[in-house]
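Commentary on secondary and tertiary structure
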Amino acid sequence: AQSVTQLDSQVPVFEEAPVELRCNYSSSVSVYLFWYVQYPNQGLQLLLKYLSGSTLVKGINGFEAEFNKSQTSFHLRKPSVHISDTAEYFCASGVSGGYNKLIFGAGTRLAVHP
Amino acid sequence: KAGVTQTPRYLIKTRGQQVTLSCSPISGHRSVSWYQQTPGQGLQFLFEYFSETQRNKGNFPGRFSGRQFSNSRSEMNVSTLELGDSALYLCASSVGGRDGYTFGSGTRLTVV
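I will try to describe carefully the structure that is included in this document. (Residues numbered from 1 in each chain as written. Chains lettered and ligands numbered in written order. Predicted model: local features only at pLDDT ≥ 70, side-chain atom pairs only at ≥ 80, totals over all residues. Heavy atoms only, no water.)

1. Regarding the overall build of chain B
Along chain B, the regular secondary structure elements total zero helices and 11 strands. When the helices and strands of chain B are listed from N to C terminus, the series reads β-β-β-β-β-β-β-β-β-β-β. Over its C-alpha trace chain B gives a radius of gyration of 13 Å, about what one expects of a compact globule, namely 13 Å for 112 residues. In terms of overall dimensions, chain B has a C-alpha envelope of 35 × 25 × 25 Å along the principal axes. In chain B, which comprises 112 residues, the share counted as buried stands at 50%. Sequence separation of at least 24 residues holds for 54% of the intrachain contacts in chain B that already meet a minimum separation of 6. When the accessible area of chain B is evaluated, it comes to approximately 5100 Å², of which 47% is carbon and sulfur surface. Charged side chains of chain B number 12 positive and 6 negative; the gap between the two group centres comes to 3 Å. (Helix = DSSP H or I, 4+ residues; strand = E, 2+ residues; numbered from the N terminus. Rg over C-alpha atoms; globule rule 2.2 N^0.38 Å. Buried < 20%, exposed > 50% of the residue type's maximum accessible area, 1.4 Å probe, protein only. Contact = heavy atoms within 4.5 Å. Areas by Shrake-Rupley, 256 points an atom, 1.4 Å probe, with all protein chains shown as cover. Lys, Arg positive; Asp, Glu negative; His and termini not counted. Charge placed at Lys NZ, Arg CZ, Asp CG, Glu CD.)

What follows is the structure, given as structure tokens:
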């Protein structure tokens, strides 16, 4: 069965420090992977996506993620965070031929402190 | 271009009532999905429509239903509301799905 695990429910970090939000997926078939961000009282905004090809994916707002098939991971990174990055981050996976049903992780709350 | 529009933004209903939520996708997007977001269960897939056909459905009771119109606009309906239906309901649209979904701001439903 398809599943997504976000390994940290909360990640506190100081402004301008690097951050990594961890995501592991489980699927017996080819998957495509996404990271979304949710600000308070808003919907989800797509940060980046992995469909195929290069395993290093660059997204918006300086975020990037690396697809690692052997580790079944898709960790999100940013070299220097800002206060405005404080939000909830969701990793999601879809299955080819799965008619666009996304499975979401439980979310990671990123709190950036001055 | 205009994003995904969900109406209303907020809704308060009484237990036992029914509710209809509306979603207007991005122009040209034919795939529309609905998700329920709660603090306890997180984001859960409700259903997905493509060209007026429901292609996939999540594990929700039959009280939850939806439809898609010829202009790709979608509605979801919840009948016989229960307190546990209180949630943020998110609609998302996509050209085909694999390119990623654009989400609306959601409808916050409170059942009292």
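There is more to say after this.
2. A word on the interface of chain B and chain A
Frequently, the measure chosen for interface size is the accessible area that the parts lose on association. In this assembly, 21 residues from chain B lie in contact with 19 residues from chain A. Each partner contributes to the roughly 1700 Å² buried at the junction of chain B and chain A, and carbon and sulfur atoms together form 52% of this total. Connecting chain B to chain A are zero salt bridges. At the junction of chain B with chain A, the criterion picks out four residue pairs in polar contact (both at pLDDT 80 or more). Looking at the side of chain B that touches chain A, the elements with two or more residues in it are strand 4 (31-38), strand 5 (42-50), strand 6 (53-57) and strand 9 (87-94) of chain B. The dominant element in the side of chain B that touches chain A, judged by the number of residues it contributes, is strand 4 of chain B, at four residues. (Buried area = accessible area lost by both parts, 1.4 Å probe. Salt bridge = Lys/Arg side-chain N within 4 Å of Asp/Glu carboxyl O. Polar contact = N/O pair within 3.5 Å; in protein donor to acceptor, adjacent residues only side chain to side chain.)

3. A few points about unusual backbone geometry
Here the residue pair B:Thr7 and B:Pro8 is connected by a cis peptide bond, since its omega of -10° sits within 30 degrees of zero. Mapped onto the elements, B:Pro8 comes out in the loop between strand 1 (5-7) and strand 2 (10-13). Its identity is not glycine, yet A:Asn61 carries a phi of approximately 60°, on the positive side. Turning to its location among the elements, A:Asn61 is positioned in the loop between strand 7 (56-58) and strand 8 (64-68). The partly exposed category is assigned to A:Asn61, whose relative accessible area is 41%. The phi angle at A:Thr72 is positive, at roughly 45°, despite the residue not being glycine. Accessibility expressed as a relative area gives 30% for A:Thr72, which makes it partly exposed.

4. Overview of the state of the cysteines
A full pass over the atoms with the stated rule returns two disulfides over all chains. The partner cysteine of A:Cys23 in its disulfide is A:Cys91, sulfur to sulfur 2.0 Å. Around the S-S axis, the bridge from A:Cys23 to A:Cys91 shows a dihedral of about -65° and counts as left-handed. Pair noted here: A:Cys23 is in strand 4 (residues 23-26) and A:Cys91 is in strand 10 (residues 87-95), with a separation of 68 residues, a long-range link. Side by side, A:Cys23 and A:Cys91 carry an identical accessibility label, which is buried. Paired through a disulfide, B:Cys23 and B:Cys91 show a sulfur-sulfur distance of 1.8 Å. (Disulfide = S-S within 2.5 Å.)

5. Some words on the pattern of salt bridges
Should their charged atoms come close, side chains of opposite charge can pair. Tallied over the entire structure, the rule returns 10 salt bridges over all chains. Between B:Arg55 and B:Glu48 there is a salt bridge, with its nearest N and O atoms 2.9 Å apart. Note on B:Arg55: relative accessible area 28%, which makes it partly exposed. Put simply, B:Glu82 and B:Arg63 hold a salt bridge, and the shortest N to O gap is 3.6 Å. Of the two residues, B:Glu82 sits in the loop between strand 8 (74-78) and strand 9 while B:Arg63 sits in the loop between strand 6 and strand 7 (64-68), which places them 19 residues apart along the sequence. Assessed through its relative accessible area of 15%, B:Arg63 is described here as buried. Here the salt bridges share partners, and the residues they tie into one network are A:Glu20, A:Glu66 and A:Arg77.

6. Let's talk about the sheet that holds strand 8 of chain B
All names here are of chain B. Spatial ordering of the open sheet is given by 1-3-8-7, a layout of four strands whose pairing is antiparallel. With partners counted over all chains shown, the strands left at the sheet margins are strand 1 and strand 7, one partner each. Averaged over all neighbouring strand pairs, the angle between strand axes comes to 15°, with direction disregarded. Judged from the five bridges that link them, strand 7 and strand 8 form a sheet pairing that is antiparallel. Note that in strand 8 the partner of phenylalanine 64 across the bridge is valine 78. (Pairing = 2+ DSSP bridges. Axes fitted to C-alpha atoms, helices over the stretch in contact; angles between N-to-C directions.)

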